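Chain by chain, the residues run as shown.
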Amino acid sequence: MQIELIQTFLDLSETRSFNRTAERLSVTQSTVSGRVNALERALGQRLFSRSRAGTELTTAGLRFAPHARALLHAWTEARHAVGDSGGVLSMRIGIQSDLVTMHFNELIGDFRAALPGTAFLFEADYSAQMCADLMTGAEDFAILFSPRYHVDLHFETVGEIAYVMVSTEADRLAAVRQETYIMPHYSYAMPTLHAALHPTLATASLSIGQNSAMVALLRSLGGTAYVLRNSADELVRDGLCRMVDDAPPIPQPIFAGLHVRNRHRSAHRRLQQIVRARFGPVSASLARRRVG
């Protein structure tokens, strides 16, 4: 059975649109239809019902879906096993983009020391893509902000960091101007938490989802925003920003994610322990401290 048939089935299960799946897979709609038909013939079952209302999984399709995900994950693992690592175990690690500036060198060193016979590939990414990669087996372990819970994925809270408010024009919340405020959108949950803390700033016209981009905007345009503690330190040292002293930090939990098949494997458990040691309670308390 061609793996493209499985990939197409799983994508169509998510989009429920032949046109959208064709766009995402960079193929024609007729190719998508042909792959679905070929898979249905191979299984002897109709997997999708098509109507004017859209495309839905049949009962057989719903039953086949977890097996399709397992097949795709096993195929990816097989490709890793016979890859170019010269017989060395390889692991692909995803890390939230904003965390690359925090403990990243130490993490790499700890991972390599704990698993000396392993070839690592580290990639900075966003939570949604990392969850998708964990699902297919394209990624082995992820350190992320926003889990997308799924029966095939396992997540554990391993620590917490905090974002703090800095400004080029104010050191008290009462002096922060909405027109020069930049909303933080570093995770899916952050806008809701931010709105509860600062309802008068929740309708700011500009929102950013990456710490480095936020810092760049503060340097070029000025204004007020939440940034990581180390970025706040740097902006204050450079004389560009001041801490907004009465603005509460916004906490951001950190999660370790992996496929359920890897949940009890010793290598993955060791990686979780290392991440927890780096981003656990000590890291969280340091992140909450004010800049002196």
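Now for a quick tour of the structure. Just so you know, these numbers come straight off a predicted model, no measurement behind them. (Residues numbered from 1 in each chain as written. Predicted model: local features only at pLDDT ≥ 70, side-chain atom pairs only at ≥ 80, totals over all residues. Heavy atoms only, no water.)

Observations concerning the overall build of the chain
So, step 1. Across its full length, the chain carries 11 helices and 11 strands.
So, step 2. For the chain, the proportion of its 292 residues judged to be buried stands at 45%.
So, step 3. Restricting to contacts in the chain with at least 6 residues of sequence separation, those with at least 24 account for 72%.
So, step 4. Total accessible area on the chain is roughly 14500 Å²; 52% of this is exposed by carbon and sulfur atoms.
So, step 5. Here the chain carries 30 positive and 27 negative side-chain charges, and the mean point of each set is 6 Å from the other. (Helix = DSSP H or I, 4+ residues; strand = E, 2+ residues; numbered from the N terminus. Buried < 20%, exposed > 50% of the residue type's maximum accessible area, 1.4 Å probe, protein only. Contact = heavy atoms within 4.5 Å. Areas by Shrake-Rupley, 256 points an atom, 1.4 Å probe, with all protein chains shown as cover. Lys, Arg positive; Asp, Glu negative; His and termini not counted. Charge placed at Lys NZ, Arg CZ, Asp CG, Glu CD.)

Comments concerning unusual backbone geometry
So, step 1. A positive phi angle, close to 55 degrees, is found at R16, a residue other than glycine.
So, step 2. In this structure, R16 sits in the loop between α1 (3-15) and α2 (18-25).
So, step 3. Overall, R16 belongs to the partly exposed group, its relative accessible area being 31%.
So, step 4. For S26, which is not glycine, the phi torsion reads 55 degrees and is therefore positive.
So, step 5. In this fold, S26 is placed in the loop between α2 and α3 (29-43).
So, step 6. Owing to a relative accessible area of 65%, S26 belongs among the exposed residues under this scheme.

Quick notes on the pattern of salt bridges
So, step 1. The tally for this structure, following the rule as stated, stands at 17 salt bridges.
So, step 2. The shortest N-O distance in the salt bridge between E23 and R20 comes to 3.4 Å. Here R20 and E23 lie together in helix α2, a separation of three residues that amounts to about one turn.
So, step 3. Several salt bridges share partner residues, and in doing so they unite D11, E14 and R24 into one network. (Salt bridge = Lys/Arg side-chain N within 4 Å of Asp/Glu carboxyl O.)

Re the packing of α1 against α3
So, step 1. Where α1 contacts α3, the two axes come as close as 9 Å, and the packing angle between them is 110 degrees. It follows that α1 is roughly perpendicular to α3 by the angle criterion. Contacts between α1 and α3 involve E4, L5, I6, T8, F9 and L12 from the former and V32, R35, V36, A38 and L39 from the latter.
So, step 2. Looking at the contact of α1 with α3 residue by residue, the classes come out as eight nonpolar, one polar and two charged. (Axes fitted to C-alpha atoms, helices over the stretch in contact; angles between N-to-C directions. Parallel < 35°, antiparallel > 145°, perpendicular 65-115°, else oblique. Nonpolar A, V, L, I, M, F, W, Y, C, P; charged D, E, K, R; others polar.)

Digging into the packing of aromatic side chains
Two numbers describe a pair of aromatic rings. These are the distance of the centres and the angle of the planes.
So, step 1. Across all of its chains, the model carries nine aromatic pairs by this definition.
So, step 2. On the numbers, 6.5 Å between centres and 85 degrees between planes, the contact of F111 with F141 is edge-to-face. One end of the pair, F111, is in helix α5 (residues 104-114); the other, F141, is in strand β5 (residues 141-144), with 30 residues separating them in the sequence. The same class applies to F111 and to F141, which are both buried.
So, step 3. Of the aromatic side chains, those joined through ring pairs into one cluster are F104, F111, F120, F122 and F141. (Phe/Tyr/Trp six-rings, centres within 6.5 Å; stacked < 30°, edge-to-face > 60°.)

Here's the deal with α5
So, step 1. Regarding α5, the residues found buried are F104, L107 and F111. Considered in projection along α5, the buried side chains sweep an arc of 55 degrees and stay on one side of the axis. In α5, the exposed positions that point more than 90 degrees away from the buried face belong to N105, R112 and A113.
So, step 2. Buried residues in α5 make contact with β3 (89-96), β4 (118-125), β5 and α10 (266-279). (Arc of directions from axis to C-beta.)

Overview of the environment of S97
So, step 1. Position of S97 among the secondary structure elements: in the loop between β3 and α5.
So, step 2. Assessed through its relative accessible area of 17%, S97 is described here as buried.
So, step 3. S97 sits 29 residues away from Y126 along the chain, and the two C-alpha atoms are 6.4 Å apart.
So, step 4. Sequence-distant contacts of S97, defined by excluding residues within four places in its chain, comprise A124, D125, Y126 and Q210.

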